[in-house]
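What follows is the residue order along each chain.
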Amino acid sequence: MIGLLIRDLKLAVRAGGGFGLGLSFFLIVSILVPFSVGPDAGLHAVIAPGILWLGALLACLLSLDRIFQLDFEDGSLDLLATAPIPLEGVVAAKAMAHWITTGLPLTLAAPVFGVFLNLPGDGYFWLVVSLALGTPALSMIGAFGAALTVGLKRGGLLLSLLVLPMYIPTLIFGTEAARRGAEGLAVGTPLLMVAGITAGAVALLPFAAAAAIRVNLR
Amino acid sequence: MSIWKYSNPRLFMGWTAKAVPIFAVLAALCISVGLIWGYFFTPDDYRMGATVKIIYIHVPSAMMAINAWVMMLVASLIWLIRRHHVSALAAKAAAPVGVVMTLIALITGAIWGQPMWGTWWVWDPRLTSFLILFLFYLGYLALWAAIEDPDSAADLTSVLCLVGSVFALLSRYAVNFWNQGLHQGASLSLDKEEHVSDVFWQPLVLCMLGFGLLFLALVLIRTRTEIRSRRLAVLDARERNG
Amino acid sequence: MPDLGKYGAEVLSAYGATIVLLVALIWQTWARSRRVKLALKAAEARHSNG
């Protein structure tokens, strides 16, 4: 499984698609927001945690279809399905690879983009913490969506339609945690919820995703 | 080998042929009596004025929006465990009815709230939850439409329904959390327990019953259509392959 | 007709939208059912003759 993880990481970095693309998209969104809402720094400060979360979420969405698609197309997914590692493990490894190449860089880059949006000082720490806890859920939920649509030629839009509603709880709790942190309020409850959703997703979704992949490989 | 010979679809076609007209007529009766009673023969609410009359369409449709999804969930589980084709097709058939019910609930809910809140949409927790449910319905319908092989489509949409249900529930909780701090009293509270006296309650029950029967009739008709459609596809494929 | 007071537009548009949507749903359900039923009948006729 570690081998699979490393292989996927190498592929992602070499292909260059997901890694830099996600960060660039995140950057662009952070810059576009002031253009769309006006230059009032006070306003930016208020919406910064939410916008940064949203940007990270959308950037994550961009690279989801790559999780299984390439392996599906060249037949490797069939091989992986019959390999000694359980398919659920394969899914988990691939979701983790996705997170390492997408969610993690976005989490680390968020404070930098927070500067553009006048994120209040207290907010930086809690933004990173909430993203760190929440982005793995985004990768795992995304992997489930990718598993559902892996057989489809142009499943990208459908993938978004399926995955975005499932992102809503993580988004709500994540931004609440970041926002409350920025205002100096207690963040315990939303942070706990984010962690809980991530834990649940990581524990249970591999089974659902593996089931979906088996269906699509028939 | 024709699916028509499977006992399940045949039995289903048999009893539904008789049941559908009965349900349809009963539905029409309950809805018309309920709505006429509610619209013409109930007083205005001291707070909401005549808009209380919207309750007779908003509450039944909202109830059916949820019930439709629950039925889809149960049908999906039956398909995954027992592999009864009729179950899978029933889930597929229920989704369009459910999505229309959700839409009605959203529209009537928004219209009802407008005089109270002055805007055409409020992010009231309950309305917002229905909006999210609407999105889940759309995803489910889109996935059915996108997958060609019927059994694969049934499998994938069933798994989606299962996972989606968990997230829909989670969203409900999240949305309540999300809106509770903003401004208090933002909910279009019309819990049945809250001062819905008998004079409103009785026609409301009739309308809820009517909507339920309508749902039943429509889902049965649509499931029958799906079964026929499958049989048609089999025949067409056979013709094409000579 | 009950006097809807100042809420006439709201009540009527709510009922109107609902009726439109329900009628559309019922009509589409019935129309598709009929279409498929006839197509199946034709296909089965061809199947048993050809």
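Note that the coordinates shown come from a computational prediction; the quantities given were computed from them, not determined experimentally.

The rules behind these values
Residues numbered from 1 in each chain as written. Chains lettered and ligands numbered in written order. Predicted model: local features only at pLDDT ≥ 70, side-chain atom pairs only at ≥ 80, totals over all residues. Helix = DSSP H or I, 4+ residues; strand = E, 2+ residues; numbered from the N terminus. Rg over C-alpha atoms; globule rule 2.2 N^0.38 Å. Buried ≥ 20, exposed ≤ 12 C-beta atoms within 10 Å, placed from the backbone. Contact = placed C-beta atoms within 7 Å. Nonpolar A, V, L, I, M, F, W, Y, C, P; charged D, E, K, R; others polar. pLDDT = per-residue confidence, 0-100. Axes fitted to C-alpha atoms, helices over the stretch in contact; angles between N-to-C directions. Parallel < 35°, antiparallel > 145°, perpendicular 65-115°, else oblique. Left-handed = near helix turned anticlockwise from the far one by under 90°.

Considerations on the overall build of chain C
Looking only at helices and strands, chain C features one helix and zero strands. Taking 10 Å as the expected radius of gyration for a compact globule of 50 residues, we find that chain C reaches 21 Å, considerably beyond that expectation. With respect to the three principal axes, the spread of C-alpha positions in chain C is 65 × 15 × 5 Å. The buried share among the 50 residues of chain C stands at 14%.

Describing the overall build of chain B
The secondary structure content of chain B amounts to six helices and zero strands. The C-alpha extent of chain B, read off along each of the three principal axes, is 70 × 40 × 30 Å. By sequence separation, contacts in chain B at least 24 residues apart represent 80% of the contacts at least 6 residues apart.

Re the interface of chain A and chain B
The partner chain B presents 21 residues to the 20 residues of chain A that form the contact. Counting residues per element, the ones that place at least two in the side of chain A that touches chain B are α7 (123-149), α8 (156-183) and α9 (188-217) of chain A. Examining the composition of the side of chain A that touches chain B, we find that ten residues originate from one element, α8 of chain A, more than from any other. Grouping the amino acids of the side of chain A that touches chain B by side-chain chemistry returns 17 nonpolar, one polar and two charged.

Overview of the environment of Asp78 of chain A
As for its position among the elements, Asp78 of chain A is in helix α5 (residues 76-82). Distance in space between the C-alpha atoms of Asp78 of chain A and Gly196 of chain A is 32 Å, their sequence separation being 118 residues.

Section: helix α4 (residues 66-73) of chain A
Of the residues making up α4 of chain A, those classed as buried are Arg66, Ile67, Phe68 and Asp71 of chain A. Of the residues trailing α4 of chain A, Gly75 of chain A is marked for its positive phi of about 90°.

Things to note about the confidence of the model for chain C
A residue-level look at chain C finds 98% of positions with pLDDT of 70 or above and a mean pLDDT of 91. Interface confidence for the predicted complex, given as ipTM, is 0.93, next to a pTM of 0.93.

Quick notes on the packing of helix α3 (residues 85-117) of chain B against helix α6 (residues 198-240) of chain B
Residue and element names in this part refer to chain B. At a minimum axis separation of 8 Å, α3 and α6 run at an interaxial angle of 125°. By the angle class used here, α3 and α6 are oblique. α3 and α6 meet at a crossing whose hand is right-handed. Seen from α3, the contacting residues are Val86, Leu89, Ala90, Lys92, Ala93, Ala94 and Val97; seen from α6, they are Phe215, Leu218, Val219, Arg222, Thr223, Glu226 and Ile227. Per-class residue counts for the contact of α3 with α6 are ten nonpolar, one polar and three charged.

Concerning unusual backbone geometry
Not every positive phi belongs to a glycine, and Asn118 of chain A is a case in point at roughly 60°. Checked against the element boundaries, Asn118 of chain A lands in the loop between α6 (87-116) and α7. Residue Asn118 of chain A is classed as partly exposed on the basis of its 17 C-beta neighbours within 10 Å. Even without a glycine there, the phi angle at Arg83 of chain B is positive, about 55°. Along the polypeptide, Arg83 of chain B turns up in the loop between α2 (55-82) and α3. The partly exposed category is assigned to Arg83 of chain B, around which 13 C-beta atoms lie within 10 Å.

Side note on the environment of Met1 of chain C
Residues and elements named next belong to chain C. Assignment of secondary structure puts Met1 in the segment before α1 (8-49). The exposure class of Met1 is exposed, given the 5 C-beta atoms found within 10 Å. In the structure, Met1 is positioned 25 residues away from Ile26 in sequence and 27 Å away in space, judged by C-alpha atoms.

Topic: the packing of α6 of chain A against α9 of chain A
Residue and element names in this part refer to chain A. It is at 8 Å that the axes of α6 and α9 come closest, and there the two elements cross at 110°. Between α6 and α9, the interaxial angle falls into the category roughly perpendicular. Taken as a pair, α6 and α9 cross one another with a handedness that is right-handed. Across the interface between the two elements, Leu87, Glu88, Val91 and Ala92 from α6 touch Pro206, Phe207, Ala209, Ala210, Ile213 and Arg214 from α9.

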